[in-house]
Amino acid sequence: MNANTNTGFRWLIFVTMFIVMAIASIFLIAPAPLLSAIIKTMPQLSMGQVFLMTMATFNIFAALGSIIGGPLLDKFGIIKVYIVCLIIILTGTLLTPFIGSSSWGISLIRALQGIGAGPILASGVPFAARYFPPGQRNLIIVIAGLPVLLGVSIGLFSITKIYQAMQNWQTALAWLAPICILGLIISVIAAIVSKQPAEDMTKTPFMGALTTAFSKPVTWVVIAGVALYSWFFQVFNDLLPSYLNAVAPGGLGYDPGDSGILLTVASWIGICGAFAGVLIVEKFLKGDARPVVLAGFVLGAVFIWLINIPAMASNHMLLWICVCGCAFFSAFISPLLLGYIAKYYPEQITGTLGGLACGIGIFAGFVGPMVSGTAMQASGYAMSLNIMLGIAAIGAITAIFLKPVKKM
């Protein structure tokens, strides 16, 4: 147990992290409901180009920000990084009314917001490692995922309402600035109250610990597992709604309202699955995550295989079971892999390793839907689902090598 585990300020840092992660997630999703409005003001661009400028640019730079920001989280601490990142996000947001009408302008804005959000979204791993004992770190990482879902939900609702009131998408996005300022104020207060010293990397074997970590195959097993899960999860969220709603014979022809309810229920089932996975590992397997991560990939693959069988997918009850089952069991994977870093690696490199895993995961989550979309256009939904099945199978093989180790 490290010296920071019993600090009286950890719950202040926790609340700050929860709020700031939710804010970063609001900016992640904010332009999504406005794509149609944006293309009306930029008729020379296609919907695909607008998507690349707004959503893809954010994701690419969030991945870079996560990778670059990991060492900064280790060196300067979480709160100081939050302050800098929120200033970067705020700068991009305030520029929206001035340069948002051009393609290069909106791309720059989303790049700034993405690179600011990346380190924030990767901060759960070093937070768990620095402030909580090993047996609680998997749970903390699961909880750290909740503000992301909350922020996405708030972002989708709030930006739609603001746009309806303003009737200008640039103004609507700029009106998110007060939310960013709120996070900045809370972070500054946390920095003043907690007075956390920066990590002195000259007194800790940072480079030695990092070299040792990278020399261990299990490190790359964890990173690969996060990337494969991110691919699987993002395709599940992007492909499945289209598959459910598309008319037969290509799709299942479900009513969008019914499929929306199913996917909403599945998302909450997934949250329950993440908590259940941690409970199984910590209470029944003495901290050994390998069987549960393996089960997450295997059962995720099984349910995708069942969804790809027309007779199964055409039965409403069986479809519900398969979709919710896939969401529940696959949710085991990511918290336990990131928790592996928080539990078994030296505290001073958990930000670097967590940022690298999250950054590569974001890239994989961006590439996965592109590959599946291309496959769907060429060969239909069955091929895309088969690719998901293959990714889960590779993940299961990878998980076999997630051997428990003593803390490095």
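That block above? That's the structure.
Parameters and conventions
Residue positions are given per chain, counted from 1 along the sequence in the order it is written. In keeping with the predicted nature of the model, local features appear solely for residues at pLDDT of at least 70, side-chain atom pairs appear and are counted solely at 80 or more, and the whole-chain, interface and lining totals rest on all residues. Excluded from the side-chain calculation are hydrogens and water; included are all heavy atoms of the structure. Going along the chain from the N terminus, every DSSP run of H or I of four or more residues is numbered as a helix, and every run of E of two or more is numbered as a strand. Expected helix span is taken as 1.5 Å per residue step, with the number of steps being one fewer than the number of residues. Relative accessible area decides the class of each residue, using a 1.4 Å probe on protein chains only: under 20% of the type maximum gives buried, over 50% gives exposed, and in between gives partly exposed. For this analysis, residues touch if any pair of their heavy atoms sits within 4.5 Å. The definition of a nonpolar core used throughout is a set of buried Ala, Val, Leu, Ile, Met, Phe, Trp, Tyr and Cys residues joined through side-chain atoms within 4.5 Å. Whether two aromatic rings pair depends on their centres lying within 6.5 Å, for rings of Phe, Tyr and Trp, where Trp uses its six-membered ring; planes under 30 degrees apart make the pair stacked, over 60 edge-to-face, and the rest tilted. Lysine and arginine charges are scored as sitting over a ring when NZ or CZ, respectively, is within 6 Å of the ring centre and within 35 degrees of the ring normal. Lines fitted to the C-alpha atoms define the axes, with helices restricted to the stretch that makes contact. Angles between their N-to-C directions range from 0 to 180 degrees. Angle categories are assigned with fixed cut-offs, so that under 35 degrees is roughly parallel, over 145 is roughly antiparallel, 65 to 115 is roughly perpendicular, and the rest are oblique. Throughout, a crossing is termed right-handed when the near helix is turned clockwise from the far one, and left-handed when it is turned anticlockwise from it by less than a right angle.

Q: Honestly, helix H12 (residues 256-284) in this entry has me stumped. Any pointers?
A: Residues spaced three or four apart along an α-helix point in a common direction, a consequence of the helix completing one turn every 3.6 residues. For H12, with 29 residues, the first-to-last C-alpha span of 40 Å sits near the 42 Å given by 1.5 Å per residue. Of all the positions in H12, only Ser259, Leu262, Ala266, Gly270, Ile271, Gly273, Ala274, Ala276, Gly277, Val278 and Val281 are classed as buried. On its buried side, H12 packs onto helix H7 (134-166), helix H11 (217-245), helix H13 (290-307), helix H15 (316-330) and helix H16 (333-344). Downstream of H12 by one or two residues, lysine 286 has phi in the positive range, about 55°.

Q: Would you take a moment to explain the nonpolar core for this structure?
A: Within soluble globular proteins, side chains that are nonpolar tend to cluster in buried spots. Counting 126 residues, the largest nonpolar core has Ile120, Phe127, Val293, Tyr345 and Leu402 as its most contacted members. Ranked by residues supplied to this core, first place goes to H11 with 16 residues. Setting aside residues up to four positions removed in sequence, isoleucine 120 forms contacts with Val20, Met21, Ala24, Tyr82, Cys85, Leu86 and Ile89.

Q: What is the right way to read the packing of aromatic side chains from this model?
A: We describe a pair of aromatic rings using the distance from one ring centre to the other and the angle between the two ring planes. All chains considered together, the criterion is met by 15 aromatic pairs. Considering the side-chain rings of phenylalanine 328 and phenylalanine 332, the 5.7 Å spacing of their centres and the 65° angle between planes classify their relative orientation as edge-to-face. Grouped by ring-pair contacts, the aromatic residues Trp11, Phe14, Phe18, Phe127, Tyr131 and Phe132 constitute a single cluster. Here lysine 75 stacks its cationic end above the ring of phenylalanine 76, 5.5 Å away from the centre of that ring.

Q: What am I meant to see in the packing of H13 against helix H18 (residues 381-399) here?
A: A pair of packed helices is characterised by two quantities: the angle between their axes and the separation of those axes. Here H13 crosses H18 at 165°, and the two axes come no closer than 8 Å. Regarding the angle of H13 to H18, the classification is roughly antiparallel. Two packed elements cross with a definite hand, and for H13 against H18 that hand is left-handed. Within the contact between the two elements, H13 uses Arg290, Val293, Leu294, Phe297, Val298, Ala301, Ile304 and Trp305 and H18 uses Leu385, Met388, Leu389, Ala392, Gly395, Ala396 and Ala399.

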